[in-house]
Amino acid sequence: MSTLLLLHGPNLNLLGTREPEIYGSESLENINTRLRDTATASGHELLSFQSNHEGALVDRIQQAAGEGVSHILINPAAYTHTSVAIRDALLAVAIPFTEIHLSNPHSREEFRHHSFLSDIAQGVVVGFGPQSYDVALNGILSTLA
């Protein structure tokens, strides 16, 4: 059994009500529950964590190293385009990770086109709304089988 960590960045706690035309109408709680059920059915454990604070996300990434987490799924949200600290934390723990986005950042404002994480990620899934999480998790699970 592998332990996976699902991280959600700022404002994702508002999923379901925040700009549903961009981010969908499903709540973060529903996404976490669905993914946890999928992981459990495959014999794996899925932990989840959301924070609006960069330092809390860095702390949680560092904590994952001591928990035996084998893969991180991360939707860094706005920190995608700004956080060297999250990038450095992911490099420091050397846990493979997948970057996830509900929308396609490349079809949005210019400032969203650059990611500090994509070039070091095992994979990047964008643009499928809440199903982006499912696509990422299923891809990871297929590599753990």
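Numbering of residues begins from 1 in every chain and follows the order in which that chain's sequence is written. Whole-chain, interface and lining totals are the exception, using all residues; otherwise, since this is a predicted model, local features are given only for residues with pLDDT of at least 70 and side-chain atom pairs are given and counted only at 80 or more. Note that the side-chain values use all heavy atoms of the structure and ignore hydrogens as well as water.

- In the nomenclature of an unreviewed UniProt entry, the chain corresponds to 3-dehydroquinate dehydratase from the organism Umboniibacter marinipuniceus.
- Taken directly from UniProt, the Sequence similarities (unreviewed entry) text for the chain runs: "Belongs to the type-II 3-dehydroquinase family."
- Quoted verbatim from the Subunit (unreviewed entry) heading of the UniProt record, the comment on the chain is "Homododecamer." UniProt positions are given in the numbering used here, feature names are shortened, and annotations may be inferred rather than shown by experiment.

1. Topic: the environment of Asp88
Move 1: Each helix is a run of DSSP H or I of at least 4 residues and each strand a run of E of at least 2, with the numbering of both proceeding from the N terminus. Among the secondary structure elements, Asp88 is positioned in helix 4 (residues 84–93).
Move 2: Partly exposed describes any residue whose relative accessible area lies between the buried limit of under 20% and the exposed limit of over 50%, with all areas from a 1.4 Å probe on protein chains only and scaled to the type maximum. A residue is classified by how much of its surface remains accessible, and Asp88, at 41% relative accessible area, is partly exposed.
Move 3: Spatially, the C-alpha atoms of Asp88 and Gly9 are 16 Å apart, while their sequence positions differ by 79 residues.

2. A look at the nonpolar core
Move 1: For the purposes of this section, nonpolar cores are sets of buried Ala, Val, Leu, Ile, Met, Phe, Trp, Tyr and Cys residues that join through side-chain atoms within 4.5 Å. Counting residues in each nonpolar core, the largest one holds 20 residues, and the members touching the most others are Leu4, Leu15, Leu35, Leu46, Leu73 and Tyr133.
Move 2: Of all the secondary-structure elements, those providing two or more residues to this core are strand 1 (3–8), helix 2 (28–41) and helix 5 (131–144).
Move 3: Per element, the largest residue contribution to this core is 5 residues, and it comes from helix 5.
Move 4: Leu15 has contacts with Tyr23, Glu26, Ser27, Leu28, Ile31 and Leu102, leaving out every residue within four places of it along the chain.
Move 5: Leu57, Val69, Ile72 and Tyr79 belong to the second largest nonpolar core, which has 18 residues in total. In what follows, residue pairs with any heavy atoms lying within 4.5 Å of each other are defined as contacts.

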